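Results of the structural survey
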Amino acid sequence: ARVVLGNHDIHLLAVAAGARKLSKSDTLNGILNAPDLEAWLDWLRFQPVAHYEQGVLMVHAGVLPSWSLAETLANSRAHEAVLHSGNYKQRLQTLFGNEPNCWSPDLVGDERLRVITNAFTRLRLCDANGAMDFKFKGELLDAPAHLMPWFAAPERRTLNAPIFFGHLSALGLHRSHNTMCLDTGCVWGRELTAYHHPKGEVLTARE
């Protein structure tokens, strides 16, 4: 099995490292108090934020429209290098925040890594210029007129690469623009959904 990191995984790593505080809605105490916590954290931080195999790209949340497939994978490796480093606990403190919310090749250091982290783990909607919005989390029909789901952005450079993603639970099972959203709200009591590639078979399960 291959997994990719999402926003809750990065949050767990940061809480365990002392870089963030638990929120009231967190349910992390079970793992934070586990005797083998460090082993789990070491396993988790060596997982990527993007995985490409058999011509298919898998991410937790999204891919910025301006990134090519090669740039997407390079940015994933840059993120991996931070979590693999010996000072990753200190670097985690710099990965959180909403600014900058737009990609530029000129970004360096913490700002560059923050945009990469947010794109792979938090992105839902963006504007026509690729600027990420982190406020709106509702149904797409209710989204502000200037925003669109990242996969529908004009001239998205990964259009030729099939992408599977989640995070957008308000969208549910959805296929368009050569992407498929598989987040069907299992955590909210709805279904867990998987997709068999290349057969095209959708599998669902309910607790």
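Attention in this report is confined to the structure presented alongside it. (Residues numbered from 1 in each chain as written. Predicted model: local features only at pLDDT ≥ 70, side-chain atom pairs only at ≥ 80, totals over all residues. Heavy atoms only, no water.)

**Section: the sheet that holds strand 8 (residues 179-181)**
Put simply, the rule is: Strands pair, by our definition, only if DSSP identifies at least two bridges between them. Strands here mean DSSP runs of E at least two residues long; helices mean DSSP runs of H or I at least four residues long; both are numbered from the N terminus. In this analysis, axes come from line fits to C-alpha atoms, helices being fitted only over the stretch in contact, and the angle between any two N-to-C directions falls in the range 0 to 180 degrees.
Across the sheet, five strands lie side by side as 1-2-6-8-7; this open sheet has mixed pairing. Every interior strand has two partners, whereas the edge strands, strand 1 (50-53) and strand 7 (174-176), have only one. The sheet shows a mean angle of 15° between the axes of neighbouring strands, taken without regard to direction. Relative to strand 2 (residues 56-59), strand 1 is paired through four bridges, and the arrangement is antiparallel. In the strand pairing of strand 2, H51 is matched with M58.

**Notes on the sheet that holds strand 3 (residues 125-126)**
With respect to topology, three strands assemble into an open sheet ordered 4-3-5, the strand pairing being antiparallel. For this open sheet the edge positions go to strand 4 (132-133) and strand 5 (148-149), each flanked by a neighbour on one side alone. Judged from the two bridges that link them, strand 3 and strand 4 form a sheet pairing that is antiparallel. Residue pairing in the sheet places C126 in a bridge with M132 of strand 4.

**Considering helix 4 (residues 69-84)**
Short version of the rule: A helix is expected to reach a length of 1.5 Å times the quantity of its residues less one. For every residue, the accessible area (1.4 Å probe, protein chains only) is compared with the maximum for its type, and the residue is labelled buried under 20%, exposed over 50%, or partly exposed between those bounds. Contacts: residue pairs with any heavy atoms within 4.5 Å of one another.
Over its 16 residues, helix 4 extends 22 Å from the first C-alpha to the last, a length consistent with the 22 Å expected when each residue adds 1.5 Å. Among the residues making up helix 4, those that are buried are T72, L73, N75, S76, H79, E80, V82 and L83. Buried residues belonging to helix 4 abut helix 1 (7-17), helix 3 (37-45), strand 1, strand 2, helix 5 (88-92) and helix 6 (109-122).

**Re helix 6**
An ideal rise of 1.5 Å per residue puts 20 Å on 14 residues; helix 6 measures up with 19 Å between its terminal C-alpha atoms. Within the span of helix 6, buried status applies to L113, R114, V115, I116, T117, N118, A119, F120 and T121. Turning to helix 6, the residues buried within the fold contact helix 1, strand 1, strand 2, helix 4, helix 5 and strand 4.

**Describing unusual backbone geometry**
Omega for the bond connecting E99 with P100 falls within 30 degrees of zero, at -5°, which places this linkage in the cis form. On the secondary structure map, P100 appears in the loop between helix 5 and helix 6. At H167, a position not held by glycine, the phi torsion is positive, near 75°. Its location among the elements puts H167 in the loop between strand 6 (163-165) and strand 7. Residue classification places H167 among the buried positions, given a relative accessible area of 8%. Positioned with a positive phi, H177 is a non-glycine residue whose angle comes to about 55°. By the element assignment, H177 lies in the loop between strand 7 and strand 8.

**Observations concerning the pairing of strand 9 (residues 192-196)**
One ladder, built from five bridges, connects strand 9 with strand 10 (residues 201-205); its direction is antiparallel. In the strand pairing of strand 10, Y195 is matched with V202. Count of turn residues in the strand 9/strand 10 antiparallel hairpin: four residues, of which G200 carries a positive phi of about 85°.

**Side note on the pattern of salt bridges**
Applied cut-off: Definition used for salt bridges: Asp or Glu carboxyl oxygen within 4 Å of a side-chain nitrogen of Lys or Arg.
Per the counting criterion, the structure on display carries three salt bridges. The salt bridge partner of R157 is E71, with a shortest N-O separation of 2.9 Å. One end of the pair, R157, is in the loop between strand 5 and strand 6; the other, E71, is in helix 4, and 86 residues separate them in sequence. Here E71 falls in the partly exposed class, since its relative accessible area comes to 34%. The salt bridge involving D110 is made with R91; its shortest N-O contact spans 3.7 Å. Residue D110 is located in helix 6, and its partner R91 is located in helix 5; the two are separated by 19 residues in the primary sequence. With a relative accessible area of 31%, D110 lands in the partly exposed category. R91 gets classed as partly exposed once you look at its relative accessible area, which sits at 23%.

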